[in-house]
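Each chain is listed here by its residues.
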Amino acid sequence: MTSDDPVRRGGREAQRRRTRKAIVDAAVRLSAGGATPSIDEIAAAADVSRRTVYAYFPSLDHLLIDATAGALNEPPVEEALNDPALAGDPAGRVDALIRTLLKYSSQSLPLGRRLIRLTVDQPAGETPEPTGPRRGPRRIQ
């Protein structure tokens, strides 16, 4: 086999996707009740080591933001948008999207609030920035 062989290349990449998905899914499950899980709890639930979690996410906040954003785009929305009966009907797709979002809003509202809190609130123990709210790692001066 050569390194250009799609079977070999896809195997490792597929394993990385499965591991990352297991970590994110564990974080979503554990934080569904509103509590913030620890890295140890997430690693145990995903059946990976702490080191593996940190290989995919530099901090707990990054993991929780990713998990929350992913949970907001759950399969019901994808399913509603991919309905073959609505393929040629843009108005029908928008209507299906709105109905699905309203149906699942009770589940997504706490996740949306968590996402806002994770991206705006100052973490405990950090000194507040004098220039404004906390930003992600790609802050531009």
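Computed from a predicted structure; not experimentally measured.

## What about the environment of Tyr 54?
Okay, so step 1: Along the chain, Tyr 54 falls in helix H3 (residues 50–56).
Okay, so step 2: On the basis of relative accessible area, Tyr 54 is assigned to the partly exposed category, the value being 38%.
Okay, so step 3: Residues Tyr 54 and Ile 39 lie 15 residues apart in sequence; the distance between their C-alpha atoms is 8.6 Å.

## Brief notes about the environment of Ser 59
Okay, so step 1: Mapping Ser 59 onto the fold places it in the loop between H3 and helix H4 (60–72).
Okay, so step 2: Here Ser 59 falls in the partly exposed class, since its relative accessible area comes to 22%.
Okay, so step 3: Remark: the alpha-carbon pair of Ser 59 and Ile 39, spanning 20 residues in sequence, is separated by 8.8 Å.
Okay, so step 4: A distance of 2.6 Å separates the side chain of Ser 59 from the side chain of His 62, its partner in a polar contact.

## Observations regarding the nonpolar core
Okay, so step 1: Within the largest apolar cluster, 13 residues are counted, with the highest numbers of intra-cluster contacts made by Ile 23, Val 24, Ala 27, Ile 42, Val 53, Phe 57 and Leu 63.
Okay, so step 2: Of all elements in the fold, only helix H1 (6–31), helix H2 (39–46), H3 and H4 reach the threshold of two or more residues within this core.
Okay, so step 3: Apart from the residues lying within four places of it in its own chain, the contact partners of Ile 42 are Ile 23, Ala 26, Ala 27, Leu 30, Pro 37, Leu 60 and Leu 63.

## Quick notes on helix H6 (residues 90–103)
Every α-helix carries 3.6 residues per turn, so stepping three or four residues along brings you back to the same face.
Okay, so step 1: In this model H6 runs 20 Å from its N-terminal to its C-terminal C-alpha over 14 residues, within 8% of the 20 Å that 1.5 Å per residue would give.
Okay, so step 2: Those residues of H6 lying buried are Gly 92, Ala 96 and Thr 100. The buried residues of H6 occupy an angular sector of 70 degrees when projected down its axis, which confines them to one face. Residues Pro 90, Ala 91 and Leu 102 are exposed on H6 and point more than 90 degrees away from its buried face.

Calculation rules
- Residues numbered from 1 in each chain as written.
- Predicted model: local features only at pLDDT ≥ 70, side-chain atom pairs only at ≥ 80, totals over all residues.
- Heavy atoms only, no water.
- Helix = DSSP H or I, 4+ residues; strand = E, 2+ residues; numbered from the N terminus.
- Buried < 20%, exposed > 50% of the residue type's maximum accessible area, 1.4 Å probe, protein only.
- Polar contact = N/O pair within 3.5 Å; in protein donor to acceptor, adjacent residues only side chain to side chain.
- Core = buried A, V, L, I, M, F, W, Y, C linked by side-chain atoms within 4.5 Å.
- Contact = heavy atoms within 4.5 Å.
- Expected span 1.5 Å × (residues − 1).
- Arc of directions from axis to C-beta.

By themselves, these are just geometric observations and shouldn't be taken as functional.
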